[in-house]
Amino acid sequence: MGEPIAILREAARATPGRAVEADAFAEIETHAAAADRGEEDLAPSIAVLRRAGILARLATYADPWPDAALVDGIVSLLRRIGRANLSVGRLVEGHLNALRLVALYASPLQRASVKAAVADGAILGVWGADGARPLTVTQEAGTLVLSGEKRFASGLGVVSPAIVSVRTDDGPQLYLVATDLRDRMDMTSWTTSGMKATLSGTYTFDGVALDAQARLGDPGDWLREPHFEGGVWRYCALHVGGMESLAECARQHAKAGGFADEPITAARLADLAMVCETGRLWVEAAARRVERPGAGDTEVAYVLLAREAVERACLTVMETVDRLIGAASFFEGHPADRIRRDLGFFLRQANLDGKRAKAAARIAASDAPMGEIW
Ligand SMILES: Cc1cc2nc3c(=O)[nH]c(=O)nc-3n(C[C@H](O)[C@H](O)[C@H](O)COP(=O)(O)OP(=O)(O)OC[C@H]3O[C@@H](n4cnc5c(N)ncnc54)[C@H](O)[C@@H]3O)c2cc1C
């Protein structure tokens, strides 16, 4: 019998169930409007991904360093999830991020327990953003106890366990903790116009005791590159999916109205196709580079530049789609309205100026001429 990971990777490459996957993405899309209105959470959509084998395919990526074919497959899956519902994509990305952190920094015992939890249906998250009271750890009667809260905690009610960060003088320390207690969740703080279905409210950790298995890696591990900012390509792949679905809304609108071949509209549709393709190519190139063994600061800078390029592409698509569909897309219930709200907000994640500055510094410092830097 071969290695389980090797078998899963083989399955990921073979993509046996294209039709099953297509049905799954279509089903997730049918849930998107109700989730946006707060009539359901994202658990049904995540269950669809699991039943279709998509979560298992994505999990094959967690071990560094996946091969190029696998990385292409993951980019493609994330784009398709993003097309179906960006909020679902946000949770899936957090799950993948957590699985990668476990693969990188967990002890064999922790790995085994996470593997068992995932087999049992757990969706993990990474909650780094501190709330008004940053997370701290204190010793109480020989036990480590957490206090404080996390905000932007995506997937309240769906995600558990989560990997949370606690600031120390030597860098953030990660802990893996259960996050399934309803009375610790505050969804009311999530009053955004977009990505509403992610339920990224606040989770309070006061008095949560940490067991011996909670500590994940050492202080500062979380920020190690190329896995920290280098991993940004995962959510960029979702952004690309979001702009593809927005562009498709515009194409359907023009076709339904019988004016898709009117010259200005046709030129706009061509622009949309071109811009979406630019985003896809950037993300694929970034993912392949940074997921190669030996990737370092140059590859991370490339990923950050890809993020910038994808953001600009998304903004162009949003503007063009607004122009093409017009007022109709601003009415409640129009799919373009939800996707625009979700994508517009999702693009704000996070510290964009800092990311751009880091990429720019690498370019400025390079001895290689433009065109040869990468
Ligand atoms: C949908 C969604 C889901 C999320 N889910 C999670 C999650 O599950 N886990 C998690 O950890 N986080 C999550 N986040 C949060 C994310 O990691 C960031 O914490 C959050 O996006 C911070 O955004 P911000 O706009 O407040 O801050 P920033 O992006 O840091 O700042 C916004 C802007 O403010 C200006 N600015 C800020 N500081 C300065 C300064 N010192 N000097 C000059 N200009 C400055 C800049 O123009 C900057 O672009 C999520 C975010 C979103 C949008």
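Before any of the text, the structure's been laid out above.
What counts and how
- Residues numbered from 1 in each chain as written.
- Predicted model: local features only at pLDDT ≥ 70, side-chain atom pairs only at ≥ 80, totals over all residues.
- Heavy atoms only, no water.
- Helix = DSSP H or I, 4+ residues; strand = E, 2+ residues; numbered from the N terminus.
- Contact = heavy atoms within 4.5 Å.
- 1 Å grid on protein atoms, 1.4 Å probe; cavity = no way out; pocket = protein on both sides within 12 Å on 5 of 7 lines; lining within 4 Å.
- Points joined across faces, edges and corners; volume = space filled by probe spheres on them.
- Nonpolar A, V, L, I, M, F, W, Y, C, P; charged D, E, K, R; others polar.
- Domains from an automatic or database assignment.
- Pairing = 2+ DSSP bridges.
- Buried < 20%, exposed > 50% of the residue type's maximum accessible area, 1.4 Å probe, protein only.
- Near = heavy atom within 4 Å.
- Polar contact = N/O pair within 3.5 Å; in protein donor to acceptor, adjacent residues only side chain to side chain.
- Areas by Shrake-Rupley, 256 points an atom, 1.4 Å probe, with all protein chains shown as cover.
- Sits in = over half its atoms within 2 Å of the grid points.

S.K.: Please clarify how the side chain of Asp337 should be interpreted in this entry.
M.R.: Within the secondary structure layout, Asp337 lies in helix 11 (residues 335-346). Aside from chain neighbours lying at most four places away, what touches Asp337 is Ser329, Phe330, Phe331 and Glu332.

S.K.: Where do I start with empty space enclosed by the protein in this structure?
M.R.: Remark: the empty space left among the atoms is shown by a probe the size of a water molecule rolled over them. Within the structure shown, the criterion is met by 2 cavities of 30 Å³ or more. Within this model, the largest cavity holds a volume of roughly 60 Å³. If you trace the largest cavity, you find it lined by Arg90, Leu91, Gly94, Leu124, Gly125, Val126, Trp127, Ser154 and Val159. If you list the elements that add at least two residues to the lining of the largest cavity, you get helix 6 (86-105) and strand 1 (123-127). When grouped by side-chain class, the residues that make up the lining of the largest cavity number 5 nonpolar, 3 polar and 1 charged. Both domains that furnish three or more residues to the lining of the largest cavity are identified here as domain 1 (5-119) and domain 2 (125-219).

S.K.: When you look at the sheet that holds strand 4 (residues 149-150) in this model, what are you seeing that I'm missing?
M.R.: Think of a sheet as strands paired side by side through backbone hydrogen bonds, with each pair either parallel or antiparallel. Read from one edge of the open sheet, 3 strands run 4-8-7, paired in antiparallel fashion. Only two strands of the sheet have a single partner each, and these edge strands are strand 4 and strand 7 (185-186). In the sheet, strand 7 pairs with strand 8 (residues 202-204) via 2 bridges, with the strands oriented antiparallel. Across the sheet, the residue bridging to Asp186 is Thr202, located in strand 8.

S.K.: Explain the environment of Ile46 to me, please; I cannot follow it from the model alone.
M.R.: With respect to the helices and strands, the residue Ile46 is situated in helix 3 (residues 43-51). The exposure class assigned to Ile46 is buried, which follows from its relative accessible area of 3%. Residues contacting Ile46, with those up to four places away along its chain left out, are Leu55, Val88, Leu91, Val92 and Ile123.

S.K.: Before we go on, may I ask you to explain the site of the ligand in this structure?
M.R.: Around the ligand sit 14 residues in total, of which Val126, Gly128, Phe152, Ser154 and Asn351 are the nearest. A distance of 3.3 Å is found between a nitrogen atom of the ligand and a side-chain nitrogen or oxygen belonging to Arg90. Within the backbone of Asn351, an N or O atom sits 2.7 Å from an oxygen atom of the ligand. Expressed as a share of its isolated accessible area of 980 Å², the protein-covered part of the ligand is 55%. Most atoms of the ligand, that is more than half of them, are within 2 Å of grid points of the largest pocket. Considered class by class, the residues forming the shell around the ligand number 7 nonpolar, 5 polar and 2 charged. Each of domain 2 (125-219) and domain 3 (229-365) accounts for three or more of the residues forming the shell around the ligand.

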